[in-house]
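Summary of the model geometry
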Amino acid sequence: MTTPSTLARIDLTEGEGWSTWTLTTGQAHVLSDERASKLIDIRPAGRQKPGTPHRYQLRAKAMVGGVRLGGNDTAVQLRIAPKIHVDRLLYLLAYAPGHAKWSEEPVEAGVRHELLPAVGYAFTEATDRALRPGVLLGYREVDDTLPMLRGRLRAPAQLRRRPGLALPLEVTYDDHTPDISENRLLLGATRRLIRLPGLDPALRARLRRIVVQLDGVTAPRPGAPLPVWTATRLNTRYQRALGLAELILHGASYELDDGRRVLVDGLLLEMWRVFETFLATALGEELKRRAGGRAEPRDRDHHLDLGKKELLKPDLIHYLPPVDGGRRLAPAIIVDAKYKDGTKRADLYQMFAYCVRLGVSEGHLVSAAGNENLMEVPVADGMVRLYRHVVDLSLPYRELRARIAELADTLLRIRKEPADRLRDF
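Residues numbered from 1 in each chain as written. Predicted model: local features only at pLDDT ≥ 70, side-chain atom pairs only at ≥ 80, totals over all residues. Heavy atoms only, no water.

1. Comments concerning the sheet that holds strand 3 (residues 40–44)
For the record, the criterion: Any two strands are treated as partners once DSSP identifies two or more bridges connecting them. Secondary structure counts use DSSP, requiring at least four H or I residues in a row for a helix and at least two E residues in a row for a strand, with both numbered from the N terminus. Between the N-to-C directions of two axes lies an angle of 0 to 180 degrees, each axis being a line fitted to C-alpha atoms and, for a helix, fitted only over the stretch in contact.
Pairing in this open sheet of 3 strands is antiparallel, and the strands run 2-4-3 from one edge to the other. On the outer flanks of this sheet lie strand 2 (19–23) and strand 3, each paired with one strand and no other. For this sheet the average axis-to-axis angle between neighbouring strands, irrespective of direction, equals 35 degrees. Strand direction decides the pairing type here: strand 3 and strand 4 (residues 54–60), joined by 5 bridges, are antiparallel. For Arg43, the partnering residue across the bridge sits in strand 4 and is Gln57.

2. Let's talk about the pairing of strand 14 (residues 316–320)
Short version of the rule: A simple rule labels every residue: compare its accessible area, found with a 1.4 Å probe on the protein chains alone, to the largest value its type can have, and call it buried under 20%, exposed over 50%, or partly exposed in between.
Counting buried positions along strand 14 yields 5 of 5 residues, so the element is predominantly enclosed. Because side chains alternate across strand 14, one face comprises the buried residues Leu316, His318 and Leu320, and the other comprises Ile317 and Tyr319, equally buried. The pairing of strand 13 (residues 294–297) with strand 14 spans 4 bridges and is antiparallel. Paired with Glu296 across the bridge in strand 14 is Ile317. Inspection of the sheet shows strand 14 paired to strand 15 (residues 330–341) by 5 bridges, in the antiparallel sense. Directly across from Leu316, in strand 15, lies its bridge partner Val335.

3. Remarks on unusual backbone geometry
Positive phi, close to 55 degrees, is recorded for Lys308, a residue that is not glycine. Position of Lys308 among the secondary structure elements: in the loop between strand 13 and strand 14. The class of Lys308 is exposed, set by a relative accessible area of 60%.

4. Looking at the packing of helix 8 (residues 271–291) against helix 10 (residues 397–416)
What describes two packed helices is the angle between their axes and the distance between those same axes. Operational definition: Just so you know how the angles are binned, under 35 degrees is roughly parallel, over 145 roughly antiparallel, 65 to 115 roughly perpendicular, and the rest oblique. Note on convention: near helix rotated counterclockwise from far helix by under a right angle means a left-handed crossing. Clockwise means right-handed. Should any heavy atoms of two residues lie within 4.5 Å, those residues are considered in contact. Gly is placed with the polar residues, together with every amino acid not listed as nonpolar (Ala, Val, Leu, Ile, Met, Phe, Trp, Tyr, Cys and Pro) or charged (Asp, Glu, Lys and Arg).
Where helix 8 meets helix 10, the closest approach of the two axes is 9 Å, and the angle between their N-to-C directions is 60 degrees. As judged from the angle between their axes, helix 8 and helix 10 are oblique. Between helix 8 and helix 10 the crossing geometry is right-handed. Contacts between helix 8 and helix 10 involve Phe278, Leu279, Ala282, Leu283, Glu286, Leu287, Arg290 and Ala291 from the former and Leu400, Ile404, Ala405, Leu407, Ala408, Asp409, Leu411 and Leu412 from the latter. Here the contact of helix 8 with helix 10 is built from residues that sort into 13 nonpolar, no polar and 3 charged.

Structure, rendered in structure tokens:
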């Protein structure tokens, strides 16, 4: 039970039941607004008596991390711990889309039980190692006005701005500079972590040293698209740090139900997205390793209708040559991740639509909890089999990796061997 104060500190755990907290009316209003409604559920804890502290029951949703809401007398510091260990979560985040797979091993940050300090520590360690040999330099195309020729003359700009004048010159040249996308991401994530409340002072001092090392680099503007980088041999030593930098900068906002992005003073992660992207990426890699073909996480090339207005959104489609020996790759395995215990009727309809539209006879729903089973659905030209599999995220990372490999073997075996018995979903 908490007591009212200038700053209410609330600690919840993802997936746990209701807990009771004492809040001011203003704090309760902050936790009931549009931003907070995606993070927690809130309700009065019984009838409120006049003259007594106001008590409310709170329950976390499927978002984890920390965020500060409100201000002055309504300020609330909300922390939502993941229901799995932080080292497992960091392992899952290694497969986030658009990030380098920065490590398959748990980092030392796993011993820290809060998400933000763990990610901050992991980022600082990775960035220190990346910058130890020196700051990465790259070539960047620069348009400039100079008293001498450097690079190549921009003739149209010269004629437009200075017709008939010999100097100065409008030129374009390649500048060897630290101000490249990789360093911009590192600087942006470093500055963001420095600003966050509750960070260990020693860690904050290490982050400030990183800022000094990145002198001459431009940080990304808040709310602007992040700099784009491509994994190459030259930036190999940066890749683990870059994956964490993107995570920190993406975690600075979350999406409301109407599609708007909201910037937050903290780091928040939607666990269902983390699970979906981890499963699609890790399982796709295992399927490709075993059977070849092409794995497409979050494939968006298929539609339910011929007019291409209703987009299909499976988490993973694996393409293989057809069993009749043709060479052209076609959808062979469809997987959809469900970060919950149990499968709803809508999930079955959704997977059934995927299978029928893509001409695949098996569909696989993968849950984070529950039981594995099979359901067969008769259709006009045969049978669609729907399977549910379980990946237990609480497993140690080596066992979790082995479970993904085992799941890939199971999916490939099912494709070749029709099920010989029917079990209820």
